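# Remarks on the overall topology
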Amino acid sequence: MKGRVFLLVIIMFIGFSCRNSKSKTSEFVFPQSDSVPVSEAEKLSPEAIADISKNISSPVEIANLLQTLQVPFSQSYLAGSIDANRQSTNFNKALKLGILGADLGYLNMYEKTGSSLDVLSSIRKIAEDIKVGQFFDFESIKRLSKNKSNLDSLLFISIDSYNKIDNYLRGNDRGQLSALMIIGVWIEGQYLATQVVNQYPDKILADRIGEQKIILNDLLLLISPYCNHDSEFTSLCKDMLDIKDKYRDIRITYTQGNPVSVEKDGGLTIKQTETSVVTMSEDQLNAIIEITKNIRDKLILNN
Amino acid sequence: MKKTIVTLALLFTFGLLSSGQVTDPLISNCVTNTGANARYLKDFRIQLGKAVSQNELRYKANMSLWKNTKYRFTMCNAENSKGQLILSIKDDSNKEILSSFDKNTGKTFSFVDFECQKSGIYQISYDFANGQQGSGVGVVSMIK
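Residues numbered from 1 in each chain as written. Chains lettered and ligands numbered in written order. Predicted model: local features only at pLDDT ≥ 70, side-chain atom pairs only at ≥ 80, totals over all residues.

This brings us to the sheet that holds strand β5 (residues 275-279) of chain A. Residue and element names in this part refer to chain A. Strand order in the open sheet formed by three strands is β1-β2-β5, with antiparallel pairing between adjacent strands. The two strands at the open ends of the sheet, each matched to only one other strand, are β1 (27-28) and β5. Pairing analysis gives two bridges linking β1 to strand β2 (residues 251-255), with the strands arranged antiparallel. In the sheet register, F28 faces β2, and the bridge partner there is I252. (Pairing = 2+ DSSP bridges. Helix = DSSP H or I, 4+ residues; strand = E, 2+ residues; numbered from the N terminus.)

Written out as structure tokens, the structure is:
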């Protein structure tokens, strides 16, 4: 019990201090935290939580990057071992809903819509189990998947369904399930990126993995109110802190510049000249690849 | 007859409530008009009354944008909107990166493409031109 409380205090300190930092330096660092009372973290407004959950990057962006880098699709990256019928707790169900959502995004982006039907069925089963099935537009997604008609509509309905579930959970005092779903999405996206970079080393992809440092605190903030909830949450919070620890010495620096704008085809194009630069050693990247795989594998096997 | 109407009304209400699947047509229409090479990421539904002052854009949200990604921000207005939806994006140091409204010419762009080179959390703000009352949607997509 003492251990759990200590863990919760650490996470709240770290998370909240990041939210309030206004660093003027040209390097992104995890802020030092020593002055924010724990109770402040508990007072995060629903708007702040909604803001954080909307802000977490979409797995579709990772899949888009993989396509740009011409990385071939692989079924082996998917969480195929998840059995929707064997999820015993709401913790497991919400987490798996997030993991499967990320897989669905990956399948959709690669237009592997035939393979997505199994994932869709699992998502529907789990969503119904936690009483949010009404927000998942299964029939439309299935129809669009079968027809391979309009990828953009498919992405929209899929993401929109998840957003509706997220809004509903947060609005009905089930914020812990919303947080789990978002963590699940992120971990699976991170797993996908790290597995690919392991197989197809690429600087752009490695940088994207390193840049996740920017949103790690937000993820911690999201789950911090629940770290003391039960042993499953305590364990997940510890896992997230372990991931954060691997990011501690990765540096993100910025170069200055002014955006350049061009009018084209009735629209405006802005090219940013300011850049972010990730400094990460091979050992640091390997440590992230390893810890992500260990945690993700543990989560999908924990039926 | 009365009974039938009541039953129909109840069925209709129940149908709407139980489906939970009403997607705003303004959003879906806007998504389908973002372009063939655009991939939907998220949307922001904006409904604002007339502004008391016009110092700042009123609707604000944060969003992580990633280096080496080209984003498209599309703005769509509802028919009854009094003003046109405009967008401004600031970085974490509060520096404006882009605006869909050109203050020099008074021109408003219906979409802005942004070639991001600095990963980070950005503040995305929307309002209607001249602080007018309006209803609209901002769609964020990736460009392939």
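Bringing the packing of helix α9 (residues 175-199) of chain A against helix α11 (residues 213-223) of chain A into the picture now. Residues and elements named next belong to chain A. In contact at an axis separation of 9 Å, α9 and α11 are set at 150 degrees when each is read in the N-to-C sense. With respect to α11, the axis of α9 lies roughly antiparallel. Every pair of crossing elements has a handedness; the one defined by α9 and α11 is left-handed. Contact residues: A179, I182, I183 and W186 in α9; L219, L222 and I223 in α11. Partitioning the contact of α9 with α11 into residue classes produces seven nonpolar, no polar and no charged. (Axes fitted to C-alpha atoms, helices over the stretch in contact; angles between N-to-C directions. Parallel < 35°, antiparallel > 145°, perpendicular 65-115°, else oblique. Left-handed = near helix turned anticlockwise from the far one by under 90°. Contact = placed C-beta atoms within 7 Å. Nonpolar A, V, L, I, M, F, W, Y, C, P; charged D, E, K, R; others polar.)

Residues and elements named next belong to chain A. The first and last C-alpha atoms of helix α6 (residues 116-129) sit 20 Å apart over 14 residues, in line with the 20 Å expected at 1.5 Å per residue. Along α6, the residues classified as buried are S116, V119, L120, S122, I123, I126 and A127. Along the axis of α6, the buried residues cluster in a sector spanning 165 degrees; they form a single face. Buried residues along α6 sit in contact with α5 (90-109), α7 (138-147) and α8 (151-171). (Expected span 1.5 Å × (residues − 1). Buried ≥ 20, exposed ≤ 12 C-beta atoms within 10 Å, placed from the backbone. Arc of directions from axis to C-beta.)

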